[in-house]
Amino acid sequence: MRSKQGYFFWSVEILAELSKQTLASIFADSFQYLGKRPRSRVRHVAKENVRMRRFTPSPVRLGLLLLAMIVCVVLHAQGRQFPFPSVPGTLRTPEDRLQYLGIHYWDRFDFRSQSLLADKDVTEQGFVNFLDLLSRMDSLTAARSADAFVGKAFAWKQSADTFTSLAHHYLENPQSPLRNDAVYVVLLRSMRRRKGLTLTQRQSLDYKIKTFGSNLPGHRATDFQFVDRQGKRHRLSDYRHERVLIFFYDPDCDNCHRISSQLSRDHRLAGTRVLAIYPDSDTQHWQRTPQAFPRTWTDGYSPRGEVNAKLLYTVRATPTLMLIGRGGLVELKDPAPEQLLSHLER
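Residues numbered from 1 in each chain as written. Predicted model: local features only at pLDDT ≥ 70, side-chain atom pairs only at ≥ 80, totals over all residues. Heavy atoms only, no water.

A. Examining the overall build of the protein more closely. For the protein, the helix and strand inventory stands at 15 helices and seven strands. In the protein, which comprises 346 residues, the share counted as buried stands at 44%. Considering only residue pairs separated by 6 or more positions, the protein has 65% of its internal contacts joining residues 24 or more positions apart. Summed over its atoms, the accessible surface of the protein is roughly 19800 Å², and 52% of this surface lies on carbon and sulfur atoms. (Helix = DSSP H or I, 4+ residues; strand = E, 2+ residues; numbered from the N terminus. Buried < 20%, exposed > 50% of the residue type's maximum accessible area, 1.4 Å probe, protein only. Contact = heavy atoms within 4.5 Å. Areas by Shrake-Rupley, 256 points an atom, 1.4 Å probe, with all protein chains shown as cover.)

Structural data, given as structure tokens:
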């Protein structure tokens, strides 16, 4: 029979083993942990099992086991981390290391584990970090990394549902600080390349790729027509020799007025042409609303709401900002005001 000190160390061994188990299986598996010893100790384990059946558990022994379980729950809740891959030491350049990390980022992640998928500290944070990696890669490396991820994550329905929801939350939600249409399109194209998609799934992905893939930074901005307060018609291309900020807004949008006031007072916007454009079709409502912008801004509307109706620009919420550089190339797509001002300061 063991001494009290022996049972203390035995409980510590239970802790070490139980800390590797999922929270849901802790109590179910805790009395079977001795059967999980290495093969070299099977004979010793068998003797221990016989010994355990011969004694009646005392309050001390049960207390130690219960303590082990409680501590295990705490350790499990605090100690789970995303299983990052180990980058080979032979890869020296930052580009090579980033490429390896992107392609092998999900190698050690168990996409079939329901408890892991439900763990926000691991799965959600791991996905957010992966999005950040994609944003730092060249287009080819990002596409290969996204293909590797989609090939693993979308092989299982629950995993596919989980990551589709996360992608929508972080990349499609207009309130998300991580909005990045370029990254989203990379993921959407990888999803579109999967085999076995239904017609509805293909059409949905094609629509999103077209919508979020337009007017990306570095691409030529889509030209469009607008009418100002004096009834004069303009085109965006009329200002191709200037840096232009397009401020898509709604007259009833309080946030639009707050942000326009913030931008108009900031000296960093000096030298930038600002076009405040109402993108919807209710032009009478726009005309009844007096101009609320500085006189240096051009206030106009899109005839027949073509900006939205023809999906010329992705206006998910108002205001939506677009910074167009000289020559008509997009510099920033839908940036936050702070990001815009920081960019202008460079």
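B. A look at the pairing of strand β7 (residues 330-333). With three bridges connecting them, strand β6 (residues 320-324) and β7 associate as antiparallel partners. Looking at β7, one finds that Ile 324 is bridged to Val 330. Counted along the chain from β6 to the antiparallel partner β7, the turn is five residues long, and its residue Gly 327 has a positive phi close to 100°. (Pairing = 2+ DSSP bridges.)

C. Geometry of the confidence of the model for the protein. Of all residues in the protein, 77% have pLDDT values of 70 or greater, and the mean over the chain is 84. Considering only residues more than four positions removed or in separate chains, one finds that residues 1-56, a stretch of pLDDT under 50, has 53 contacts. This model gives residues 71-78 a pLDDT under 50, and the stretch forms ten contacts once residues within four places in sequence are excluded. (pLDDT = per-residue confidence, 0-100.)

D. Seen up close, the environment of Met 191. Inspection of the secondary structure assignment puts Met 191 in helix α10 (residues 181-192). Leave out the neighbours within four places in its chain, and Met 191 touches Val 150, Phe 154, Leu 197 and Leu 205.

E. Representation of the state of the cysteines in the model. Within this structure, the stated rule accounts for one disulfide. Across the disulfide, Cys 253 is cross-linked to Cys 256 (sulfur-sulfur distance 2.5 Å). Classification of the bridge connecting Cys 253 and Cys 256 rests on its S-S torsion, roughly 90°, and on that basis the disulfide is right-handed. For Cys 256, a relative accessible area of 1% corresponds to the buried category. (Disulfide = S-S within 2.5 Å.)

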